[in-house]
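Remarks on the overall topology
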Amino acid sequence: RKPSPFFTPGPTTYPGSLAMLSLKRDLQMPVVLQTPNPTDPTASVIHTRFGSFPHTTLLNIPWGSQVIASQQSKRDAARGKKRKRGTADAAPDDADDNDSPVFETASSGFVHVLPPTPELWTAGLQHRTQVVYTPDYSFVLQRLRVRPGDVVIEAGAGSGSFTHAAARAVFSGYPGEGAEKRRLGQVFSFEYHEPRCESVRAEIAEHGLEGVVEVNYRDVYEEGFTLGPEAPRADAVFLDLPAPWLALRHLSRTEPSPLNPATTTRICTFSPCIEQVQRTVTTLRELGWTSIVMYELQHRRLDVRRELVSVAYDGLRGVNSNAASVDEALTRLRHLEEKTMEFHGKGKDTDTPAKKEKKGKDAVGRDKQEAIRRRERELQVWKEGRLVHRTEQDIKTHTSYLTFAVLPRAWSKEDEERCRKKWAVKT
Ligand code: SAM
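Residues numbered from 1 in each chain as written. Predicted model: local features only at pLDDT ≥ 70, side-chain atom pairs only at ≥ 80, totals over all residues. Heavy atoms only, no water.

1. A closer look at a nonpolar patch on the surface
Taken together, the side chains of Leu302, Val304 and Leu387 present a nonpolar region at the surface, about 300 Å² in accessible area. Topologically, Leu302 is positioned in strand 13 (residues 302-307). (Patch = residues over 30% accessible without salt bridge, like charges linked within 9 Å, V, L, I, M, F, W, Y side chains within 5 Å. Areas by Shrake-Rupley, 256 points an atom, 1.4 Å probe, with all protein chains shown as cover. Salt bridge = Lys/Arg side-chain N within 4 Å of Asp/Glu carboxyl O. Helix = DSSP H or I, 4+ residues; strand = E, 2+ residues; numbered from the N terminus.)

The structure is reproduced here in structure tokens:
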């Protein structure tokens, strides 16, 4: 079994591994790293808007490395093409050509090569449907109390965004590696759109997550979630479906049940409109689910940075007009420095002895001390920049309502008898 780079990426990149090329904040490109093809070196190059990156420059380097863009020389590319076509009119200098392609470093840009995580995968994946974003799935998995070793049912799989996050949350080891002793964490994912189902399945295999995620092609409204007599035995359920209430009737404790009879089952349904929530809540009540709560997440990212305070800053009196030119700005800044130095008694000494004595007396006064501190704070802001924050305009989450509920564990006659004996009051 190849280990999943999502769980055990190792210290360096390697051929066949999924890597996330971080082009800039919020721009990630997933790439499966390949060993170069000797017959066509031009084939194993990733082209981005920040330059070209041959796979050779990305392989066997520590994760997190910064790689500078390279550009395959046109001459080399032409040679590669000729070699590929196998034409007799090979370039005359082919004789002294070694087989490795020549890449010329260009100053166009760079990427960081990062190991895959569910967050980066969500940011870079190909959208086949609406997806659940990181702020939502973090909250969902935490609220469902999903832990390593748990079994999670997910429907529909869609683009596989939630699937990857759930896989990491339940991962407790691979089958056949002693993980059974702990209980193997698993995600049972359901999708009724065949091409989508195939795409998620292929990605799961490519990412080495097959032992942890099982993707099932099924209409869960009609056929439910039961997979043979023993599976899935789920502890938690996440439904991202247009009509979750149609699937709820398949999540009862009546055998054969897809739920773990030994644990309390937690559920979350993800719905974009309140009418859907109402229908879901009604059905949950009818089917005996308890602790029903609905949340709406309003996720905002705050962009916090220091902003240079221009000379127009009027924190210090006397420099509060806009500068027309760089020279004027510099003159004003010098003036500002001088005034501040003077204020601290380090500037030009123009005071008479009587004035100095009076200043000395004043300096011990509380007002004066406070004024000094205020002036120092202002100067600090001017030097370091003012701390400002803005909310991000483009919020990467679509408004949805998250409905949570709990189904108590199964309660048998034997359980009742056992508890009666245990807690019986002796008279
Ligand atoms: N949670 C997914 C993600 O994070 O990428 C996105 C799910 S997408 C919004 C909803 C998916 O549910 C679609 O792919 C759709 O084909 C699937 N679906 C809808 N009805 C279904 C049903 N009855 N059984 C199984 N899948 C269904």
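2. Re the site of the ligand
Around the ligand, 22 residues are found, and the nearest of them are Ser159, Glu191, Arg196, Asp219 and Asp240. A distance of 3.3 Å separates an oxygen atom of the ligand from a polar atom in the backbone of Ser161. At 3.1 Å from a nitrogen atom of the ligand is found a main-chain nitrogen or oxygen belonging to Val220. Expressed as a share of its isolated accessible area of 600 Å², the protein-covered part of the ligand is 93%. (Near = heavy atom within 4 Å. Polar contact = N/O pair within 3.5 Å; in protein donor to acceptor, adjacent residues only side chain to side chain.)

3. Considerations on the nonpolar core
One finds Val140, Val146, Phe162 and Val213 to be the most contacted residues of the largest nonpolar core, which totals 38 residues. Looking at this core element by element, the count peaks at 6 residues for helix 5 (residues 161-170). Residues within four places of Val146 in sequence aside, it is in contact with Leu141, Val152, Ala169, Val170 and Ala236. Counting residues in each nonpolar core, the second largest holds 25 residues, with Leu227, Leu239, Leu241 and Leu407 among its members. (Core = buried A, V, L, I, M, F, W, Y, C linked by side-chain atoms within 4.5 Å. Buried < 20%, exposed > 50% of the residue type's maximum accessible area, 1.4 Å probe, protein only. Contact = heavy atoms within 4.5 Å.)

4. Some remarks on the sheet that holds strand 11 (residues 265-271)
Taken in spatial order, the 7 strands make up an open sheet running 9-8-7-10-11-15-12, and their pairing is mixed. Edge positions in the sheet fall to strand 9 (213-217) and strand 12 (290-296), since each has one partner strand and no second. The mean angle between the axes of side-by-side strands here comes to 15°, regardless of whether they run parallel or antiparallel. Two strands pair when backbone bridges link them, and strand 12 and strand 15 (residues 401-407) are joined in this way by 5 bridges, in the antiparallel orientation. Looking at strand 15, one finds that Thr290 is bridged to Val406. Relative to the sheet, helix 9 (residues 274-286) contacts strand 11, strand 12 and strand 15, its axis offset from that of strand 15 by approximately 5°. (Pairing = 2+ DSSP bridges. Axes fitted to C-alpha atoms, helices over the stretch in contact; angles between N-to-C directions.)

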